[in-house]
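Chain residues, written in single-letter form:
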Amino acid sequence: MSDISFFESVGGEPTFRRLVDKFYEGVAKDPLLRPMYPEEDLGPAADRLTLFLIQYWGGPGTYQETRGHPRLRMRHAPFTVDEAARDAWLLHMREAVDSLELPDDQRTTLWDYLERAAHFMVNA
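As annotated in an unreviewed UniProt entry, the protein chain is Globin from Winogradskya humida. The UniProt entry for the protein chain carries the following comment under Sequence similarities (unreviewed entry): "Belongs to the truncated hemoglobin family. Group II subfamily."

Peer 1: Help me out: how do you make sense of unusual backbone geometry in this one?
Peer 2: Leaving glycine out, the prevailing phi sign among residues is negative, and the prevailing peptide bond configuration is trans. In this structure, Glu101 takes a positive phi of about 55° despite not being glycine. Along the chain, Glu101 turns up in the loop between helix 6 (83–99) and helix 7 (104–121). With a relative accessible area of 70%, Glu101 lands in the exposed category.

Peer 1: Explain the nonpolar core here, please?
Peer 2: Looking at soluble globular proteins, one finds that nonpolar side chains tend to be buried together. Counting 38 residues, the largest nonpolar core has Phe16, Tyr24, Leu53, Met93 and Leu110 as its most contacted members. Mapped by element, the contributors of at least two residues to this core are helix 1 (6–9), helix 2 (13–29), helix 3 (43–56), helix 6 and helix 7. Excluding its chain neighbours within four sequence positions, the residues that come into contact with Leu110 are Phe6, Phe16, Leu19, Trp57, Val97, Leu100 and Leu102.

Peer 1: What exactly am I supposed to notice about the pattern of salt bridges here?
Peer 2: Should the charged atoms of two oppositely charged side chains come close, the side chains can pair. Per the counting criterion, the structure on display carries six salt bridges. For Glu13, the salt bridge identified is with Arg17, shortest N-O distance 2.8 Å. Highlighted residues: Glu13 and Arg17, both in helix 2, separated by four residues, approximately one helical turn. On the basis of relative accessibility, which here comes to 37%, the residue Glu13 falls in the partly exposed class.

Peer 1: How should the packing of aromatic side chains be read in this particular structure?
Peer 2: Given two aromatic rings, their pairing is described by the distance between the two centres and the angle made by the two planes. For the coordinates displayed, the defined rule picks out 10 aromatic pairs. With centroids separated by 5.7 Å and ring planes inclined at 75°, the aromatic side chains of Phe52 and Tyr63 adopt a geometry described as edge-to-face. Residue Phe52 is found in helix 3, and its partner Tyr63 is found in helix 4 (residues 62–67); the two are separated by 11 residues along the sequence. Across this residue pair, the class does not change: Phe52 and Tyr63 are buried. Note on Tyr56 and Tyr113: the rings are 4.1 Å apart at their centroids and 25° apart in plane angle, and the pair reads as stacked. A residue pair is termed long-range when its members are at least 10 positions apart, and Tyr56 in helix 3 and Tyr113 in helix 7 qualify at 57 residues. Judged by relative accessible area, Tyr56 falls into the partly exposed class, the value being 40%. Put simply, the rings of Phe6, Phe52, Tyr56, Trp57, Tyr63 and Tyr113 pair up and form one aromatic cluster.

Procedures and definitions
Residues numbered from 1 in each chain as written. Predicted model: local features only at pLDDT ≥ 70, side-chain atom pairs only at ≥ 80, totals over all residues. Heavy atoms only, no water. UniProt positions renumbered as here; feature names shortened; annotations may be inferred. Helix = DSSP H or I, 4+ residues; strand = E, 2+ residues; numbered from the N terminus. Buried < 20%, exposed > 50% of the residue type's maximum accessible area, 1.4 Å probe, protein only. Core = buried A, V, L, I, M, F, W, Y, C linked by side-chain atoms within 4.5 Å. Contact = heavy atoms within 4.5 Å. Salt bridge = Lys/Arg side-chain N within 4 Å of Asp/Glu carboxyl O. Phe/Tyr/Trp six-rings, centres within 6.5 Å; stacked < 30°, edge-to-face > 60°.

This is the structure we're talking about:
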């Protein structure tokens, strides 16, 4: 058994920053998703997602220290997240995950979580 976290095994913070940067490249051009991000600059949303994923996968707890409990469904409640939005989110996230070129077991672990999370967020 290894004591290394998933966060560490995939390359730590730089890997999650690359993932989120690639994801938001797609979101920035997506007519369905872009309106869900009220900030003119997607940077703050990207920072929040990066910190959340880092913490979730075993990295520093900066997200909780600065934002409190994730409460993902509550934080997304003001937005209509229907199946179309979920599918658009998954499309951009799939491209981002694939861009990391992780080993199959790591890619599957990461993708399985993200796919479950996307389905969980549907509220309409």
